[in-house]
2 protein chains.
Amino acid sequence: MKAPIGIRDVALRAGVSVGTVSNVLNRPGVVAAATRERVLAAIDALGYVRNEPARQLRSGTARTIGLVVLDVGNPFFTDVARGVEEAASEAGHAVILCNSGESAARERGHVELLAAQRVHGVLITPVRSGPASVRWLRDRGISVVLLDHPTAEADLCSVAVDDRHGGELAVTHLLAEGCERIVVVTGPPGIHQSAERLRGARDAVRLAGRAPDVLEVLPAPALNVACGLRAGEQLLARAVRPDAVFCANDLLALGLLQATVRAGVRVPDDLAIAGYDDIDFAAAAAVPLTSVRQPRHELGRAAAALVIAESQAPGAHEHRQVVFTPELVVRESSRRPRSSVW
Amino acid sequence: MKAPIGIRDVALRAGVSVGTVSNVLNRPGVVAAATRERVLAAIDALGYVRNEPARQLRSGTARTIGLVVLDVGNPFFTDVARGVEEAASEAGHAVILCNSGESAARERGHVELLAAQRVHGVLITPVRSGPASVRWLRDRGISVVLLDHPTAEADLCSVAVDDRHGGELAVTHLLAEGCERIVVVTGPPGIHQSAERLRGARDAVRLAGRAPDVLEVLPAPALNVACGLRAGEQLLARAVRPDAVFCANDLLALGLLQATVRAGVRVPDDLAIAGYDDIDFAAAAAVPLTSVRQPRHELGRAAAALVIAESQAPGAHEHRQVVFTPELVVRESSRRPRSSVW
DNA sequence: AGTCGTTGAGTAAGCGCTTTCTCGAAGCGG
DNA sequence: CCGCTTCGAGAAAGCGCTTACTCAACGACT
């Protein structure tokens, strides 16, 4: 471990002043071509790497953005994260990825950490809809964009998918397939996305002119495979079983599918199943899963673009609420045989 | 956006000097209790958050570590990342998670970015075994720990799982189940892990006293579900099909399972399948997947602990090569009915 | 009573970089 | 040939914080 190479060493070797080296790095236009070449050669020869924290301290602008998601174990969020990372690196920014694990305390910890790092902006899928963490960040002058979460507040950027519409699409489809007793497996009550999907499901029932009791709600404690398995076991234990299940995400649906198929229930003949997110594993399940597709990658890209735009024009920024439209992908898990439709 | 709150504002409000505020933050012991309380109250009242880049510049020590993985879409790596993140935050460090996507160019980009951020250390699963990125980082005085990748070099810490042994476990099991024609679906040639698993598979054949041609190798261009599907389709097109497949990871195995089941092949009766990693989706597949379990979480924790230890004692650090032992988890996908064994 | 530790707070020098300001050297029309 | 502009490089002031040092105050000794 030698002494670290600084801008000074580069200046010395190129026979210029430190200011000139800095100019080569940040405003190459103002430096004469010959000098610039000489400096670049010195940088190359010495293997100089810019000290980003020092740059940030002096210039006041960071090249880092924070991303706080509910669950990195959920492929939906990793796909969103890839979109974020892609857009961010195109703009020369690094991404610090944090996982709140649906815990408000962990979310708070990560938010404080990002604030201490003086990140350029934060993309967050809040655990609770309450704006506690969001407001805390904005009070400290950090741009925030809500990710996969809409907002009514006009002073905040957000990127979301129309979850209510997605829920409606799924249940309208199940009703059209002739399902009469539909269970909706939702997430914990605080999670905004799953609540909206349930509202959409109710819309679908109303629009189809059916009685509200076609729908039954079964809340799961978390949106993962294990809880889906447990929900499936609960349904299997019942005397009168539903003929369709709509799950608030694909992890739940895959768990439920697994539990029911193992117990000998035929999918979709005895039980139709629809999920949400259309993660890659949904299509690859043994009974390919009907699901509601969201533009995950685009969601991430859009959010990153917004936060970078906002923090580049802090004063004159117009906040935008972007809403994407989801799309139903019908697969085998919900295609009922004609016999049961007629 | 108000003026940002600095250590100076806190000092002013508490009626002390900036040095004392800094001492409260960093060496609380040297400050008298009454003064300390006063400073903490001021911090609280003003909502002060430390400027980490400035601290880092002055003190020379970062509280950030970098993590570069092959594929964030692979649940194996997200579980490892959770382990890293857990151990890191216990030590008060943030994690910058980067995804190389099995591309050497992207890996290089991320490594340079982490160097510019002057991270405390880097955990990396290198795309190629060649030490290019690793050496580049070490030349700049940044501690590196190889993650899920062993090393022969004694001047480097590494954390790995015995992939060769894992491959041997899987194939020994398949042979014991009576399989006679085993295809090993490997990853691209550069990926160290999958090459080792193949070597282990060959060991198993040799130890069982079988002819080497029991095994056939089918390389996949990447270790994901899509490539598994394609591999499955290739096998289905053959006149004489294998009676078992060992895949270099679970994503490949799930894709292959999906392709074969859809085509009416009975698993495990017609075809036994074994994967590697034992990700959660493996147990939840419609035909639960036999797999080789790795201590993913522990792997991450151990790597984080090593890198933090190394960069805290830069000179007198003894490099360690940690190797975990994998474990075979037998499930339905490889349990052949007695009839075909006898 | 004078001396000497101790304790606890203040003072100030930078960490490596950006950026403004300054200034010399050309270039050029009058 | 002179004074003007323009261009390119250097000098220097910090960004917010840490960390020696310095130093006053106060007992405890001799």
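Reference entry: report on the structure contained in this document. All figures in this text were calculated on a predicted structure; none of them were measured in a lab.

## What about the protein's contact with DNA strand C?
For DNA strand C, the set of nearby residues contains 27 residues, the closest of which are Ile 7 and Gly 19 of chain A together with Gly 19, Thr 35 and Arg 58 of chain B. Counting only elements with at least two residues in the surface near DNA strand C, the list comes to helix H1 (7-14), helix H2 (18-26) and helix H4 (52-59) of chain A together with helix H2 (18-26) and helix H4 (52-59) of chain B. Ranked by the residues each element gives to the surface near DNA strand C, the list is headed by H2 of chain A, at six residues. Partitioned by chemical class, the residues of the surface near DNA strand C number eleven nonpolar, eleven polar and five charged.

## Remarks on the interface of chain B and chain A
On the side of chain A, 43 residues touch chain B, which itself brings 43 residues to the contact. For the side of chain B that touches chain A, the secondary structure elements donating two or more residues are H4, helix H5 (75-90), strand E2 (94-99), helix H6 (104-116), helix H11 (250-262) and helix H12 (280-283) of chain B.

## Side note on the sheet that holds strand E7 (residues 215-219) of chain A
Residues and elements named next belong to chain A. Spatially, the four strands line up as an open sheet ordered E7-E6-E8-E9, and their pairing is parallel. Two strands close off the open sheet at either side, each with one partner strand: E7 and strand E9 (272-274). Neighbouring strand axes in the sheet, compared pairwise and without regard to direction, differ in orientation by 20° on average. In this sheet, E9 lies alongside strand E8 (residues 244-247) in parallel orientation, the contact comprising three bridges. Counted as the bridge partner of Val 245 is Ile 273 from E9. Sitting on the sheet, helix H11 (residues 250-262) is in contact with strand E6 (182-186), E8 and E9, with an inclination near 145° to E8.

## With respect to the relation of the copies chain B and chain A
Superposition of the two copies of the chain requires a rotation about an axis and a shift along the axis. Superposing chain B onto chain A requires a rotation of 180° together with a translation of 0.0 Å along the rotation axis, leaving an RMSD of 0.1 Å. Here the symmetry operator amounts to a two-fold rotation axis. Mapped onto chain A, 100% of the interface residues of chain B again fall at the interface, so both copies present the same surface.

## Structural notes on the packing of helix H8 (residues 163-176) of chain B against helix H9 (residues 192-207) of chain B
Residue and element names in this part refer to chain B. It is the contact of H8 with H9, at a shortest axis distance of 6 Å, that shows an interaxial angle of 45°. As summarised for this structure, H8 and H9 are arranged oblique, according to the angle between their axes. Of the two elements, H8 crosses H9, and the hand of that crossing is right-handed. Taking contact as the criterion, the partners of Asp 163, Arg 164, His 165, Gly 166, Gly 167, Glu 168, Val 171, Thr 172 and Leu 175 in H8 are, on H9, Gln 193, Glu 196, Arg 197, Leu 198, Arg 199, Gly 200, Ala 201, Asp 203, Ala 204 and Val 205.

## Comments concerning the environment of Val 72 of chain B
With respect to the helices and strands, the residue Val 72 of chain B is situated in the loop between strand E1 (64-69) and H5. For the pair formed by Val 72 of chain B and Asn 99 of chain B, sequence separation is 27 residues and the distance between their alpha carbons is 6.0 Å. If sequence neighbours within four positions are ignored, Val 72 of chain B has contacts with Thr 78, Ala 81 and Arg 82 of chain A together with Phe 77, Thr 78 and Asn 99 of chain B.

Conventions we followed
Once a new chain begins, its residue numbering starts again from 1 and follows that chain's sequence as written. Lettering for chains starts from A, numbering for ligands starts from 1, and both go in the order in which the items are written. Given that the model is predicted, a residue must reach a pLDDT of at least 70 before its local features are reported, and side-chain atom pairs must reach 80 or more before they are shown or counted; all residues, however, enter totals for whole chains, interfaces and linings. Here, nearness is defined through the C-beta atom: a residue counts as near a molecule or strand if that backbone-placed atom lies within 6 Å of it. In this description a helix means any DSSP run of H or I spanning at least four residues, a strand means any run of E spanning at least two, and both kinds are numbered starting from the N terminus. Residue polarity is assigned by list, with Asp, Glu, Lys and Arg as charged and Ala, Val, Leu, Ile, Met, Phe, Trp, Tyr, Cys and Pro as nonpolar; anything else, Gly included, falls into the polar class. C-beta atoms are first placed from the backbone for all residues, and any pair lying within 7 Å is then listed as a contact. One requirement defines pairing of two strands: DSSP has to find at least two bridges between them. For every element, the axis is a line fit to its C-alpha atoms; helices are fit only across the contacting stretch, and the angle between N-to-C directions ranges from 0 to 180 degrees. To line up the copies, we fit them by least squares on C-alpha atoms, keeping just the residues with pLDDT of at least 70 in both. Should an angle fall under 35 degrees it is called roughly parallel, over 145 degrees roughly antiparallel, and 65 to 115 degrees roughly perpendicular, with every other angle called oblique. Crossings are classed by handedness, with left-handed meaning an anticlockwise turn of the near helix from the far one by less than a right angle and right-handed meaning a clockwise turn.

By themselves these figures say nothing about function.
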